[in-house]
Amino acid sequence: MIDVLKKLFLEGPEENEKTPDEVRRIATAALLIEVARADFAQDAEEEAAMAQLLTGTLALDKTTVDALMSEANDAVDNATSLYEFTRLVNDHYDYDGKCRLIDAMWRVAYADQSLSKYEEHLIRRASELIYVNHEDFIRGKIAAKEA
């Protein structure tokens, strides 16, 4: 957090601002990383699922995804709560985009063939913070479990 503030003051606001696409990408990747870390073990299967989801849904190449994951990992390390990312989602996603994000979070959670109560709790909390209906939350869970 201190590094972010230093960067803001030393570089000025013009150099530190990101485009809406970059903000969406970082928020998406950060929430996926949060799910992978929720059970205190970020598996290779979860990392592969995150990379595949980011490559497919955001139409990015591997190099860009690797850079995005690195930046999102730093953002998660410096974050104090989910609100930092869910606020960005609320600002930059429509309802369908929010549902796709929750679906992606479920897919990361189920990537290692098990769902921990911590992963489910985090996805539930994120879902509530971005105002996704419970019906769509459950629909995403069932679809990810069956996939």
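Calculation rules
Residues numbered from 1 in each chain as written. Predicted model: local features only at pLDDT ≥ 70, side-chain atom pairs only at ≥ 80, totals over all residues. Heavy atoms only, no water. Helix = DSSP H or I, 4+ residues; strand = E, 2+ residues; numbered from the N terminus. Buried < 20%, exposed > 50% of the residue type's maximum accessible area, 1.4 Å probe, protein only. Contact = heavy atoms within 4.5 Å. Core = buried A, V, L, I, M, F, W, Y, C linked by side-chain atoms within 4.5 Å. Salt bridge = Lys/Arg side-chain N within 4 Å of Asp/Glu carboxyl O. pLDDT = per-residue confidence, 0-100. Axes fitted to C-alpha atoms, helices over the stretch in contact; angles between N-to-C directions. Parallel < 35°, antiparallel > 145°, perpendicular 65-115°, else oblique. Nonpolar A, V, L, I, M, F, W, Y, C, P; charged D, E, K, R; others polar.

## Side note on the overall build of the chain
Tallying secondary structure elements over the chain gives nine helices and zero strands in all. Listing every helix and strand of the chain by position from the N terminus yields α-α-α-α-α-α-α-α-α. When each of the 147 residues of the chain is scored for burial, the buried share is 38%.

## Description of the environment of Leu-68
Residue placement: Leu-68 occurs in helix α5 (residues 62–78). You can call Leu-68 buried: its relative accessible area is 7%. Discounting residues that sit within four places of it in the chain, Leu-68 has contacts with Arg-25, Ile-26, Ala-29, Leu-54, Leu-58 and Leu-60.

## Remarks on the side chain of Ser-127
Within the secondary structure, Ser-127 is located in helix α8 (residues 117–129). The buried category is assigned to Ser-127, whose relative accessible area is 2%. Those residues in contact with Ser-127, other than ones at most four positions away along the chain, are Ile-102, Val-132 and Phe-137.

## Some words on the nonpolar core
Buried together is how nonpolar side chains tend to be arranged in soluble globular proteins. Within the largest apolar cluster, 39 residues are counted, with the highest numbers of intra-cluster contacts made by Ile-102, Met-105 and Ile-123. For this core, the secondary structure elements donating two or more residues are α3 (20–38), α4 (44–58), α5, α6 (83–92), α7 (95–110), α8 and α9 (134–146). Counting residues per element, this core draws most heavily on α3, which supplies ten residues. What Ile-123 contacts, discounting residues up to four positions off in sequence, is Val-35, Ile-102, Met-105, Trp-106, Ala-109 and Phe-137.

## Points about the pattern of salt bridges
For the structure shown, the criterion picks out eight salt bridges. Two residues, Glu-135 and Arg-139, come together in a salt bridge whose shortest N-O distance is 2.9 Å. Of this pair, Glu-135 and Arg-139 both sit in helix α9, four residues apart, which is roughly one turn of that helix. For Glu-135, a relative accessible area of 57% gives the class exposed. Arg-139 gets classed as partly exposed once you look at its relative accessible area, which sits at 46%.

## Considering the confidence of the model for the chain
Counting all residues, the mean pLDDT for the chain is 86, and 89% of those residues have values of 70 or more. When the elements of the chain are averaged for pLDDT, helix α2 (residues 13–16) gives the smallest value, 46, and α8 the largest, 96.

## Description of the packing of α7 against α8
In contact at an axis separation of 10 Å, α7 and α8 are set at 175° when each is read in the N-to-C sense. Classed by the angle they form, the pair α7 and α8 counts as roughly antiparallel. When α7 is examined against α8, the residues Ile-102, Met-105, Trp-106 and Ala-109 are found in contact with a partner set consisting of Glu-119, Glu-120, Leu-122, Ile-123, Ala-126 and Ser-127. A per-class count over the contact of α7 with α8 returns seven nonpolar, one polar and two charged.

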